[in-house]
Amino acid sequence: MREHLEALTEELRRLKAEGTTQVYVTDETLTKLRSVMKAQGPVAEPAPEATAETFSAAEEPAEMAQPVRATRAKTAASTGPGLRWDGKPIAPIPTPPEIKLPKGSKEEKMAWLRERVLNCPVSKEHVRLGRQLVFGVGTPQAEIFFCGEGPGAEEEQQGEPFVGPAGQLLTKIIQAMGLSREKVYIGNVMKWRPEMPTEWGNREPTPEEIAFSLPFLRAQLEIVQPKVIVALGNTAVNGLLGADPERKMKDIRGSWQTFDGVPLMFTYHPSYLLRNSALSVKRQVWEHMLLVMEKVGMPISEKQKAFFMKA
Ligand code: URA
């Protein structure tokens, strides 16, 4: 087994030397690696930092991802508040803030809220030194509000949502709709990247972390008043609609839900698409986007209608 680990470390070093800054690691692989590392004792060097794409169990269909999700939930619960990368306990999450928006234009309100979020002492406490909280991007005049789970490595470095590989795919989807990042609004449930006990990887946010962050998202939605919300992935939809153990993701994916009276379309997270490139899954997401375009009254060309159809 040690030879395998050495070979893996060697390959990662080679990739790093070639300039690769991201590797895709599934939850299954991470779990296996952790158990191997436990059995082998400490390794000399930490694995390179993974990216938004390891932010993944939440992005899988819940019906498929259940075992992984259960393991993760147990881990979070059994470590109490949990540990950060530096071995310190994760600071407890207080009761959610109350946000009362000031009067003014959408732009003024959004600027106020941005300052409020970026200066929130609780949120700031959870951000690694040199990294950033991630507020949101786009126009407060948007008709479509894309909502994801939370920042990954690239996002907390750049302070902007969806800028890593999953974000680049989201940008392509938005462009395929005939829009741009500037013409929509993109936000997340979480404003900080949930801390991990390792230097790398991502985890699902806890219910307390989600509850604390939700008022900020609600306020963003209150300002934008979009015609449609697109919930990207399970954490986003559970955050917005409230966790419900009875909810079957496959039953609500692609069908209209509502959040505070606003039509909400739930689709796969783009990082799921990165790991599952089946044409049928791409088509499903695209059909969800066609429904969104129709709902907001956008023109849809014949070419657009045919995207990701079998040849
Ligand atoms: N995944 C998310 O859910 N949000 C981001 O901003 C990046 C990746």
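See the structure printed just above.
Within any chain, residue numbers begin from 1 and follow the written order of that chain's sequence. In keeping with the model being predicted, local features are shown solely for residues with a pLDDT of at least 70 and side-chain atom pairs are shown and tallied solely at 80 or more, while totals for entire chains, interfaces and linings include all residues. Processing note: side-chain calculations cover all non-hydrogen atoms of the structure and skip hydrogens and water entirely.

Asker: How do you make sense of the packing of aromatic side chains when you look at a structure like this?
Answerer: To describe a pair of aromatic rings, one takes the distance between the centres and the angle between the planes. Note on aromatic contacts: the rings of Phe and Tyr and the six-membered ring of Trp form a pair at centre separations within 6.5 Å, being stacked when their planes are under 30 degrees apart, edge-to-face when over 60 apart, and tilted otherwise. Scanning all chains against the criterion turns up six aromatic pairs. On the basis of an interplanar angle of 45 degrees and a centroid distance of 5.2 Å, the ring pair of W286 and F307 is categorised as tilted. Linking W286 in helix α12 (residues 279-295) with F307 in the segment after α13 (302-305), this pair joins segments that are 21 residues apart in sequence. One aromatic cluster in this structure is built from W192, F212 and F216. Above the ring of W85, the side-chain terminus of R128 is found at 4.9 Å from the ring centroid. By definition here, charges over rings are those cases where NZ of Lys or CZ of Arg is within 6 Å of the ring centre and within 35 degrees of the ring normal. One cation-aromatic arrangement involves K295 over W256; the distance from NZ or CZ to the ring centre is 4.6 Å. Here a helix means four or more residues in a row that DSSP labels H or I, a strand means two or more in a row labelled E, and each is numbered from the N terminus.

Asker: What's the story with the site of the ligand in this structure? I'm lost.
Answerer: When we say a residue is near a molecule or strand, we mean one of its heavy atoms is within 4 Å of it. Around the ligand, the surrounding shell holds ten residues, and the nearest of these are E149, G150, F162, N188 and H269. Between the ligand and E149 there is a distance of 2.7 Å, counted from an oxygen atom to a backbone nitrogen or oxygen. F162 places a main-chain nitrogen or oxygen 2.9 Å from an oxygen atom of the ligand. Calculation on the ligand without its partners gives an accessible area of 240 Å², and the protein chains cover 100% of this total. Per-class residue counts for the shell around the ligand are four nonpolar, four polar and two charged. In protein, a polar contact means a hydrogen-donor-capable atom and an acceptor-capable atom, both N or O and within 3.5 Å, with residues adjacent in sequence counting only if both atoms are side-chain atoms; elsewhere, any N or O pair within 3.5 Å suffices. The method behind every accessible area is Shrake-Rupley, applied with a 1.4 Å probe, and residues are considered shielded solely by the protein chains displayed. As a working rule, the residues Ala, Val, Leu, Ile, Met, Phe, Trp, Tyr, Cys and Pro are called nonpolar, Asp, Glu, Lys and Arg charged, and the rest polar, with Gly in that last group.

Asker: So what exactly am I meant to see when it comes to the nonpolar core here?
Answerer: The tendency in soluble globular proteins is for nonpolar side chains to be buried as a group. Buried Ala, Val, Leu, Ile, Met, Phe, Trp, Tyr and Cys residues form a nonpolar core when they are joined through side-chain atoms within 4.5 Å. Only protein chains enter the accessibility calculation, which uses a 1.4 Å probe; a residue whose area is less than 20% of its type maximum is buried, one above 50% is exposed, and one in between is partly exposed. One finds L113, L217, L240 and L264 to be the most contacted residues of the largest nonpolar core, which totals 37 residues. Looking at this core, the elements that each hand over two or more residues are α4 (106-118), β2 (144-148), α8 (207-224), β4 (228-232), α9 (234-241), α10 (249-252) and β6 (262-267). Considering every element that reaches this core, the biggest residue donor is α8, with nine residues. Contacts of L217, omitting those with residues within four sequence positions, involve F145, C147, N188, V189, K191 and L240. M265, V285, W286 and M298 belong to the second-largest nonpolar core, a separate cluster that totals 26 residues. Any pair of residues with heavy atoms lying within 4.5 Å of one another is described as a contacting pair.

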